[in-house]
There are 2 protein chains.
Amino acid sequence: MDKKIHILGISGSLRNGSYNRELLVAASEMMPEGIIFEFADISQIPLYNEDDYSVAIPDSVLQLKDQIRRADGIVIATPEYNRSIPGVLKNVIDWASRPRNTQPFSGKPLAILGAGGRSGTVGAQGHLKQIAAALGMQILLEPEVAIQRAWEKFDGDGKLVDENTRQLIKDQMAAFNVFILSASEKEIMPGVPV
Amino acid sequence: MDKKIHILGISGSLRNGSYNRELLVAASEMMPEGIIFEFADISQIPLYNEDDYSVAIPDSVLQLKDQIRRADGIVIATPEYNRSIPGVLKNVIDWASRPRNTQPFSGKPLAILGAGGRSGTVGAQGHLKQIAAALGMQILLEPEVAIQRAWEKFDGDGKLVDENTRQLIKDQMAAFNVFILSASEKEIMPGVPV
């Protein structure tokens, strides 16, 4: 791989200044050299309705699908709602995974981060791993970034300041870089149905 | 329980004439005598954003929460998208489960139906059971209604006509009736945090 590595970051929360969006910011700041980190904007993606899908796929969805297709790896930061991922995040995945035979997640490396309360989002991450596996993604399993008691790790401006947490994310991104380079050497065919 | 039993049906698909909506119609037609079956309208519930939630809960959400609170049992019919429930359905649950300390799902009996392809929605139903358990719902586990190759079970007008499937749903609703009556005899406190 002689071109630059492109990473696409997706936050599962629409809240301004959400902890999980800030995890992505921290990840983007601590990427190994030479990696281009792009943030997805999911705020304009509507609720999925098959009737709408049959008429026209919204531009916001087409743009996201194109970003996924161009990315060498996807980083998703997710909160946990009711021991699963937010409906908002699942809705984005539902849109982008259609039509099935050209869905752009297939074969893509995925790293997952999450900031939450006592569980540290491990329930949500478990569901997300199952969903990602169903889409044929290649999932980085370690190190796991599941931040407990997130509110203690951020400063008044919402910036992630906890040093141990920052180091963990830096380690995960370094591992993800190696994972992507390794994945690109395998015979994967992005975009092929699974 | 000397009053009539109220059941609230929620479809996880927004599509007009969706198979899962039709499963609810079939369930409503085959309920034991004296049960009132109400259909929830989730089409107006927006994407969850904590910033919006902090300002005002939408009327569509307040209405749904009130319907859930008044119901003696909830019936959810869900399609399966990417081995989980639709983002649209999860989004509705995310809204209705806030604030946590007065969320209306706690203690409510739940029956699940699903119509899909080869898997019959068992992946989606598994995730939904975990989400419902996290909300403190009482889940009817048998009989399972997971309809494979749904398109073969409906007629040209979208009505569920397969006799075996109709009987299965009838059996499930009879079991759900008994389950609700049994649950109401236990010391459950709907609306109490779990």
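Rules used throughout
- Residues numbered from 1 in each chain as written.
- Chains lettered and ligands numbered in written order.
- Predicted model: local features only at pLDDT ≥ 70, side-chain atom pairs only at ≥ 80, totals over all residues.
- Heavy atoms only, no water.
- Helix = DSSP H or I, 4+ residues; strand = E, 2+ residues; numbered from the N terminus.
- Buried < 20%, exposed > 50% of the residue type's maximum accessible area, 1.4 Å probe, protein only.
- Contact = heavy atoms within 4.5 Å.
- Buried area = accessible area lost by both parts, 1.4 Å probe.
- Salt bridge = Lys/Arg side-chain N within 4 Å of Asp/Glu carboxyl O.
- Nonpolar A, V, L, I, M, F, W, Y, C, P; charged D, E, K, R; others polar.
- Core = buried A, V, L, I, M, F, W, Y, C linked by side-chain atoms within 4.5 Å.
- Least-squares fit on C-alpha atoms with pLDDT ≥ 70 in both.
- Expected span 1.5 Å × (residues − 1).
- Arc of directions from axis to C-beta.
- Polar contact = N/O pair within 3.5 Å; in protein donor to acceptor, adjacent residues only side chain to side chain.
- Axes fitted to C-alpha atoms, helices over the stretch in contact; angles between N-to-C directions.
- Parallel < 35°, antiparallel > 145°, perpendicular 65-115°, else oblique.
- Pairing = 2+ DSSP bridges.
- Right-handed = clockwise from strand over helix to strand, strands pointing away.

## Digging into the environment of Asn 16 of chain A
Then, in step 1: By the element assignment, Asn 16 of chain A lies in the loop between β1 (5–11) and α1 (19–29).
Then, in step 2: With relative accessibility at 64%, the residue Asn 16 of chain A sits in the exposed group.

## Some remarks on the interface of chain A and chain B
Then, in step 1: Every contact between the two is made by 30 residues of chain A and, on the other side, 30 residues of chain B.
Then, in step 2: Roughly 2500 Å² of surface becomes buried between chain A and chain B when both sides are summed, with 54% attributable to carbon and sulfur atoms.
Then, in step 3: It is Leu 47, Tyr 81 and Asn 82 of chain A that lose the most area in chain A upon contact with chain B, and together they represent 26% of the buried surface on that side.
Then, in step 4: Here Arg 15 of chain A and Glu 50 of chain B are joined by a salt bridge, their closest N and O atoms 3.9 Å apart.
Then, in step 5: Elements represented by at least two residues in the side of chain A that touches chain B include exactly α2 (50–55), α4 (87–96) and α5 (122–134) of chain A.
Then, in step 6: The leading source of residues in the side of chain A that touches chain B is α4 of chain A, at 6 residues.
Then, in step 7: For the side of chain A that touches chain B, the class distribution of residues is 13 nonpolar, 9 polar and 8 charged.

## Observations concerning the nonpolar core
Then, in step 1: With 63 residues, the main nonpolar core has Ile 10, Leu 64 and Ile 74 of chain A together with Ile 10, Leu 64 and Ile 74 of chain B as its most contacted residues.
Then, in step 2: Not counting the four nearest positions on each side in its chain, Leu 64 of chain A is found in contact with Leu 8, Ile 10, Ala 40, Ile 45, Val 92 and Ala 96 of chain A.

## Quick word on the relation of the copies chain A and chain B
Then, in step 1: If you rotate chain A by 180 degrees and push it 0.0 Å along the axis, it lands on chain B with an RMSD of 0.0 Å. Expressed as an axis order, the relation between the two copies is that of a two-fold axis. Every residue of chain A has its C-alpha some distance from the rotation axis, and the shortest such distance is that of Gly 87 of chain A, at 2.1 Å.

## Remarks on the pattern of salt bridges
Then, in step 1: Scanning all chains against the criterion turns up 16 salt bridges over all chains.
Then, in step 2: Note that Asp 94 of chain A is salt-bridged to Lys 90 of chain A, the shortest N-O span being 2.7 Å. Highlighted residues: Asp 94 of chain A and Lys 90 of chain A, both in helix α4, separated by 4 residues, approximately one helical turn. One exposure class covers both Asp 94 of chain A and Lys 90 of chain A, and it is buried.
Then, in step 3: Glu 29 of chain B is the partner of Arg 166 of chain B in a salt bridge, and the nearest nitrogen-oxygen pair spans 3.0 Å. On the criterion of sequence distance, the pair formed by Arg 166 of chain B in helix α6 (residues 163–185) and Glu 29 of chain B in helix α1 (residues 19–29) is long-range, its members being 137 residues apart.
Then, in step 4: Here Arg 166 of chain B falls in the buried class, since its relative accessible area comes to 14%.
Then, in step 5: One salt-bridge network, held together by shared partners, links Glu 29, Lys 159 and Arg 166 of chain A.

## Re the environment of Asp 157 of chain B
Then, in step 1: Tracing the backbone shows Asp 157 of chain B in the loop between β6 (145–147) and α6.
Then, in step 2: Residues Asp 157 of chain B and Leu 24 of chain B, 133 residues apart in the sequence, show an inter-C-alpha distance of 15 Å.

## Re helix α3 (residues 59–70) of chain A
Residue and element names in this part refer to chain A.
Then, in step 1: With 12 residues, α3 extends 16 Å from end C-alpha to end C-alpha; this agrees with the ideal 16 Å at 1.5 Å per step.
Then, in step 2: Those residues of α3 lying buried are Ser 60, Val 61, Leu 64, Lys 65, Gln 67 and Ile 68. The arc enclosing the buried residues of α3, seen along the axis, measures out at 160 degrees, which places them on a common side. Among the exposed residues of α3, those oriented more than 90 degrees off its buried face are Asp 59 and Gln 63.
Then, in step 3: Buried residues along α3 sit in contact with β1, β2 (35–39), β3 (73–77) and α4.

## Side note on the side chain of Ser 97 of chain A
Then, in step 1: Structurally, Ser 97 of chain A can be placed in the loop between α4 and β4 (109–115).
Then, in step 2: Relative accessible area serves as the criterion here: at 3%, Ser 97 of chain A is assigned to the buried category.
Then, in step 3: Within the structure, the side chain of Ser 97 of chain A is placed 3.0 Å from the side chain of Asn 82 of chain B, a separation counted as a polar contact.
Then, in step 4: Discounting residues that sit within four places of it in the chain, Ser 97 of chain A has contacts with Gln 103, Phe 105 and Leu 135 of chain A together with Asn 82 of chain B.

## Digging into the packing of α3 of chain A against α4 of chain A
Residues and elements named next belong to chain A.
Then, in step 1: Interaxial distance between α3 and α4 falls to 9 Å at its minimum, and their mutual angle equals 80 degrees. By the angle class used here, α3 and α4 are roughly perpendicular. Here α3 contributes Val 61, Leu 64, Lys 65 and Ile 68 to the contact with α4, which in turn contributes Val 92, Trp 95 and Ala 96.
Then, in step 2: Per-class residue counts for the contact of α3 with α4 are 6 nonpolar, no polar and 1 charged.

## Quick word on the pairing of β2 of chain A
Then, in step 1: Both β1 of chain A and β2 of chain A contribute to a ladder of 5 bridges, which runs parallel. Across the sheet, the residue bridging to Gly 9 of chain A is Phe 39 of chain A, located in β2 of chain A.

## Topic: the pairing of β1 of chain A
All names here are of chain A.
Then, in step 1: Judged by how many residues are buried, β1 sits mostly within the fold: 6 of 7 residues are covered.
Then, in step 2: Between the parallel elements β1 and β2, the chain passes through α1 in a crossover that is right-handed.
Then, in step 3: Relative to β3, β1 runs parallel, the two sharing 5 bridges. Considered in β3, the bridge of Leu 8 is made with Ile 74.

## Some words on unusual backbone geometry
Most peptide bonds take the trans form, and the phi angle of most residues other than glycine is negative.
Then, in step 1: In this model, Arg 98 of chain B is joined to Pro 99 of chain B through a cis peptide bond whose omega is -5 degrees.
Then, in step 2: Following the sequence through the fold, Pro 99 of chain B ends up in the loop between α4 (87–96) and β4 (109–115).
Then, in step 3: Here Glu 142 of chain B and Pro 143 of chain B are connected by a cis peptide whose omega angle stands at -5 degrees.
Then, in step 4: Even without glycine at this site, Asn 82 of chain A takes up a positive phi of about 50 degrees.
Then, in step 5: Mapped onto the secondary structure, Asn 82 of chain A falls in the loop between β3 and α4.

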